[in-house]
Amino acid sequence: MPSVAQLLSVKGSGVWSISPDATVFEGLTLMAQKNIGALLIIEAGRPVGMMSERDYARKIILEGRSSRDTPIRSIMTPHLVWVAPNDSIERAMQLMTAQRIRHLPVLDGDTLVGIVSIGDLVKATIDHQQHTIDQLERYIAT
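Residues numbered from 1 in each chain as written. Predicted model: local features only at pLDDT ≥ 70, side-chain atom pairs only at ≥ 80, totals over all residues. Heavy atoms only, no water.

**With respect to the sheet that holds strand 3 (residues 46–52)**
Phase 1 of the analysis: Pairing in this open sheet of 3 strands is mixed, and the strands run 1-2-3 from one edge to the other. Of all strands in the sheet, those with a lone pairing partner are strand 1 (17–18) and strand 3, marking the two edges.
Phase 2 of the analysis: As judged from the 2 bridges shared by strand 1 and strand 2 (residues 38–43), these two strands associate in the parallel manner. Looking at the pairing, I18 lines up with I41 of strand 2. (Pairing = 2+ DSSP bridges. Helix = DSSP H or I, 4+ residues; strand = E, 2+ residues; numbered from the N terminus.)

Pasting the structure below:
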């Protein structure tokens, strides 16, 4: 199974982030502009949490709060779960399943090197399986 670093080399390592002091509305606007489902929250150059569409739905909409007046800090998920570049895609999927999350920052020590989503991992897994199938079919055919 490929590593997270291999996935990032194909996908790219761009990460969209925002300050915890920005409003939820500003975060939602950025997510809509970039067509993404979550933002990494950065404070003083370090990742401190994530804000996802799920956080918005559960902590703003269901509680009747205003996204224009609420700082991201008050709804973000502060416990950051992450993977290292040398971790396998399988390990990343296990973490996502166990933690019930859909996005994982990729940290090399204290350095942020990317972010992966469940969609990225599923695509990489399917691509890897297809490659294995193709090799087996070639082997059988010879």
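**Concerning a positive patch on the surface**
Phase 1 of the analysis: Side chains of R54, R58, R100 and R102 sit close together on the surface and give a patch of like positive charge.
Phase 2 of the analysis: Looking at the element boundaries, R58 is found in helix 3 (residues 53–61). (Patch = residues over 30% accessible without salt bridge, like charges linked within 9 Å, V, L, I, M, F, W, Y side chains within 5 Å. Areas by Shrake-Rupley, 256 points an atom, 1.4 Å probe, with all protein chains shown as cover. Salt bridge = Lys/Arg side-chain N within 4 Å of Asp/Glu carboxyl O. Lys, Arg positive; Asp, Glu negative; His and termini not counted. Charge placed at Lys NZ, Arg CZ, Asp CG, Glu CD.)

**So, the pairing of strand 3**
Phase 1 of the analysis: With respect to burial, strand 3 is a largely interior element, 5 of its 7 residues being buried.
Phase 2 of the analysis: Taking the residues between adjacent antiparallel strands as the criterion, strand 2 and strand 3 are bridged by 2 residues, where A44 takes a positive phi near 55 degrees. (Buried < 20%, exposed > 50% of the residue type's maximum accessible area, 1.4 Å probe, protein only.)

**Some details on unusual backbone geometry**
Phase 1 of the analysis: Unusually for a residue other than glycine, N35 sits at a positive phi of about 55 degrees.
Phase 2 of the analysis: If you trace the backbone, N35 turns up in the loop between helix 2 (24–34) and strand 2.
Phase 3 of the analysis: Backbone geometry at R100 places phi at a positive 60 degrees, although glycine is not the residue there.
Phase 4 of the analysis: Mapped onto the elements of the fold, R100 is located in the loop between helix 4 (89–99) and strand 4 (103–108).

**What to know about the packing of aromatic side chains**
Phase 1 of the analysis: According to the stated counting rule, one finds 0 aromatic pairs in the structure shown.
Phase 2 of the analysis: The ring centre of F25 lies 3.7 Å from the NZ or CZ of R68, which sits over that ring. (Phe/Tyr/Trp six-rings, centres within 6.5 Å; stacked < 30°, edge-to-face > 60°. Lys NZ or Arg CZ within 6 Å of the ring centre and 35° of its normal.)

**A short note on helix 2**
Every α-helix carries 3.6 residues per turn, so stepping three or four residues along brings you back to the same face.
Phase 1 of the analysis: Taken together, the buried positions of helix 2 are V24, G27, L28, L30 and M31. Take helix 2 and look down its axis: the buried residues cluster within an arc of 160 degrees, on one side only. Opposite the buried face of helix 2, by more than 90 degrees, sit the exposed residues A32 and Q33.
Phase 2 of the analysis: Among the structural elements, strand 1, strand 2, strand 3 and helix 3 are those in contact with the buried residues of helix 2.
Phase 3 of the analysis: Looking one or two residues beyond helix 2, the residue adopting positive phi is N35, at roughly 55 degrees. (Arc of directions from axis to C-beta. Contact = heavy atoms within 4.5 Å.)

**Brief notes about the nonpolar core**
Phase 1 of the analysis: Core analysis: the largest hydrophobic core is formed by 14 residues, its most contacted members being V4, V83, A92, L104, V106, V116 and L121.
Phase 2 of the analysis: Of all elements in the fold, only helix 1 (4–11), helix 4, strand 4 and helix 5 (118–141) reach the threshold of two or more residues within this core.
Phase 3 of the analysis: If one sorts the elements of this core by residue count, helix 4 sits on top with 4 residues.
Phase 4 of the analysis: Here V83 is in contact with V4, A92, L95, L104, P105, V106 and L107, once residues within four sequence places are set aside.
Phase 5 of the analysis: Ranked by size, the runner-up nonpolar core spans 13 residues in total, among them V24, M31, I72 and I75. (Core = buried A, V, L, I, M, F, W, Y, C linked by side-chain atoms within 4.5 Å.)

**With respect to the packing of helix 4 against helix 5**
Phase 1 of the analysis: Between helix 4 and helix 5, whose axes approach to 10 Å, the crossing angle comes to 140 degrees. Put simply, helix 4 runs oblique to helix 5. Of the two elements, helix 4 crosses helix 5, and the hand of that crossing is left-handed. Here I89, A92, M93 and M96 of helix 4 lie close against helix 5, whose contacting residues are I118, L121, V122, A124 and T125.
Phase 2 of the analysis: Each residue belonging to the contact of helix 4 with helix 5 can be placed in one class, and the counts come to 8 nonpolar, 1 polar and no charged. (Axes fitted to C-alpha atoms, helices over the stretch in contact; angles between N-to-C directions. Parallel < 35°, antiparallel > 145°, perpendicular 65-115°, else oblique. Left-handed = near helix turned anticlockwise from the far one by under 90°. Nonpolar A, V, L, I, M, F, W, Y, C, P; charged D, E, K, R; others polar.)

These figures come from the coordinates and say nothing about function on their own.
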